[in-house]
Amino acid sequence: MKYEFIKNAPDDYTLKYKDQVINFKSTVDIVTKLQDAIEQGKNKLIFDLAKQGMTIKSLEVETKQDGKTIVDNSNFEALEKNYIQKAQAEVFISVVEELFNKKFTELVVEIGLDESEMEQFGTDLGNILNGTFPSKKTS
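Here's a quick rundown of the structure.

What counts as what
- Residues numbered from 1 in each chain as written.
- Predicted model: local features only at pLDDT ≥ 70, side-chain atom pairs only at ≥ 80, totals over all residues.
- Heavy atoms only, no water.
- Helix = DSSP H or I, 4+ residues; strand = E, 2+ residues; numbered from the N terminus.
- Buried < 20%, exposed > 50% of the residue type's maximum accessible area, 1.4 Å probe, protein only.
- Phe/Tyr/Trp six-rings, centres within 6.5 Å; stacked < 30°, edge-to-face > 60°.
- Pairing = 2+ DSSP bridges.
- Axes fitted to C-alpha atoms, helices over the stretch in contact; angles between N-to-C directions.
- Contact = heavy atoms within 4.5 Å.

**Thoughts on the environment of Lys25**
Along the chain, Lys25 turns up in strand β3 (residues 20-25). Residue classification places Lys25 among the partly exposed residues on the basis of a relative accessible area of 48%. Along the backbone, Lys25 and Thr14 are eleven residues apart, and their C-alpha atoms lie at a distance of 8.5 Å.

**Observations regarding the packing of aromatic side chains**
Two aromatic rings are characterised by how far apart their centres lie and by the angle between their planes. Tallied over the full model, the rule gives eight aromatic pairs. Aromatic pair Phe5 and Phe121: ring centres 5.4 Å apart, planes at 25 degrees, arrangement stacked. Linking Phe5 in strand β1 (residues 3-9) with Phe121 in helix α4 (residues 115-129), this pair joins segments that are 116 residues apart in sequence. On the basis of relative accessibility, which here comes to 0%, the residue Phe121 falls in the buried class.

**Some thoughts on the sheet that holds β1**
Spatially, three strands are ordered β1-β2-β3 in an open sheet, and the strand pairing comes out antiparallel. The open sheet has two free edges, formed respectively by β1 and β3, since each of these has just one partner strand. When the angles between neighbouring strand axes are averaged without regard to direction, this sheet yields 20 degrees. With six bridges connecting them, strand β2 (residues 12-17) and β3 associate as antiparallel partners. Of the residues in β3, the one forming a bridge with Tyr13 is Phe24. Sitting on the sheet, helix α3 (residues 104-111) is in contact with β1, β2 and β3, with an inclination near 50 degrees to β2.

Here it is as C-alpha cells:
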C-alpha cells in the first residue's frame, strides 16, 4: 500500500504514506473553490470565443433531414468539457498546495506513484475534498 486516506471526523482526514502522516481538513472554502471551477471554465470559454468574434451558436452544426432541422452541439460540448476540466485541474492543484504545502507533482513523486496511481490518488483526494469519502481504504 503506497498511501492511505483515513477519515478521522467529518471533514477531518489523514493522509499516510511511507513515514509521513499529514492531517488535513476539507473546508467550505475548498469545496466552494472546486465547485466554482466549473463556472470559471464555462466563463473562460465564452470570453475566449468572444475574443475570436464567435459565440456558442458559432459552434453549432445545423443539418436538414426529412424536413427537420437538427442542431448538433457536440463541438461546443466537447470544448466546454475541456475548459471545465482545465479550470478544475488548476483549482485542484492550488488546493493541494494549500493543504499539503507542496505541489501536486512533488507529493505524487514523494509517495512514489506511477501515472495510473496518480490519477487514482487525484480522484480519491478530489472525492474527499468534495465530501465523498471512498467507501473503502485506498492504496
